[in-house]
Amino acid sequence: MSPTMMATLENFVINQAKISEQVYEYLRSAIMTGRFAPGERLDLEELVEQLKVSKMPIKEAVGRLASEGLLDIQGRRGTYVSRVDARDLAETFAVRRALELLAGELAVEHVTPEAIARMNDLIAKMEKSAAARNVNEHLERNFEFHELILELSHNRKLMEIYRQLRASIHIAGVHFRSENWLARVEQEQREHRAIVRALEKRDHQAVVRAISNHLKRAKESLVADVQGS
């Protein structure tokens, strides 16, 4: 094979990879924002027509989403958006809590005035999104707040594992959050401010206590919403 032909082939593979990534981002966004609901069947042939791509990028994106737990491939029955199970959600929160408590202890050693300012800014943005009744925006800012704690831990593996837990909690928040979620925002914000104060004081025990109390309450609220749906 000539060098020219090899270069052409390499370019084609790269382009296909980009298409697969775009399809992945599109489908993931549709799941995370609620356009595709838990239990909904995805028509892959329809997606091929809709997105005007070949089957391969669709299959690659679907496989990737299935490995992340967002899609459930059931052989000949088809591909479905994964359902949210109350027990699985509670167990996910338990793991998240353990990871975030460790991150909080580590973050005390690395917190900066800039990070504190960023956290306070995110708290303000959460309040604005709640006032606008924008669940997706509120959830995104909430996860940014918590991921900042993980980033301050300076532990890349901790961050990697933590991010794998985000999807199911986010989906549960979008689809099953009860109508009174706005009434819980005030309590949630008090808990966030307690975390910030503890980090600012570099108080290990206060950080652990504040994060633990916050995630325990958040788990109980969201699991109750799923069970009551």
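Scroll up for the structure.
Our subject in this report is the structure included herewith. It should be emphasised that the depicted structure is a prediction, and the values quoted were computed from it without experimental measurement.

## Points about the sheet that holds strand 2 (residues 71-73)
Either a parallel or an antiparallel arrangement is found when strands of a sheet pair, and the pairing is made through backbone hydrogen bonds. Strand order in this open sheet of 3 strands is 1-3-2, and the pairing throughout is antiparallel. Of all the strands in the sheet, the pair left with one neighbour each is strand 1 (41-42) and strand 2. With 2 bridges joining them, strand 1 and strand 3 (residues 79-81) adopt antiparallel strand pairing. For Leu 42, the partnering residue across the bridge sits in strand 3 and is Thr 79. Lying on the sheet, helix 3 (residues 55-67) is in contact with strand 2 and strand 3; it crosses strand 2 at an angle near 110°.

## Description of the nonpolar core
Leu 27 and Leu 89 are the most contacted members of the largest nonpolar core, which totals 32 residues. Listed by contribution, the elements that provide at least two residues to this core are helix 1 (3-32), helix 2 (44-51), helix 3, helix 4 (86-107), helix 8 (166-176) and helix 10 (204-227). Among the elements that take part in this core, helix 1 stands out by supplying 6 residues, more than any other.

## Some points on the layout of surface pockets
By volume, the largest pocket is sized at about 280 Å³. Together, 15 residues line the largest pocket, and Glu 68, Gly 69, Ser 82, Arg 83 and Ser 168 are the ones closest to its centre. Counting residues per element, the ones that place at least two in the lining of the largest pocket are helix 4 and helix 8. Of the residues belonging to the lining of the largest pocket, the class tally is 6 nonpolar, 5 polar and 4 charged. Space inside the second largest pocket adds up to approximately 180 Å³. For the lining of the second largest pocket, the secondary structure elements donating two or more residues are helix 1 and helix 7 (156-164). If you tally residues by element for the lining of the second largest pocket, the top one is helix 7, at 4 residues. Grouping the constituent residues of the lining of the second largest pocket by class yields 4 nonpolar, 2 polar and 4 charged.

Cut-offs and rules
Residues numbered from 1 in each chain as written. Predicted model: local features only at pLDDT ≥ 70, side-chain atom pairs only at ≥ 80, totals over all residues. Heavy atoms only, no water. Pairing = 2+ DSSP bridges. Helix = DSSP H or I, 4+ residues; strand = E, 2+ residues; numbered from the N terminus. Contact = heavy atoms within 4.5 Å. Axes fitted to C-alpha atoms, helices over the stretch in contact; angles between N-to-C directions. Core = buried A, V, L, I, M, F, W, Y, C linked by side-chain atoms within 4.5 Å. Buried < 20%, exposed > 50% of the residue type's maximum accessible area, 1.4 Å probe, protein only. 1 Å grid on protein atoms, 1.4 Å probe; cavity = no way out; pocket = protein on both sides within 12 Å on 5 of 7 lines; lining within 4 Å. Points joined across faces, edges and corners; volume = space filled by probe spheres on them. Nonpolar A, V, L, I, M, F, W, Y, C, P; charged D, E, K, R; others polar.

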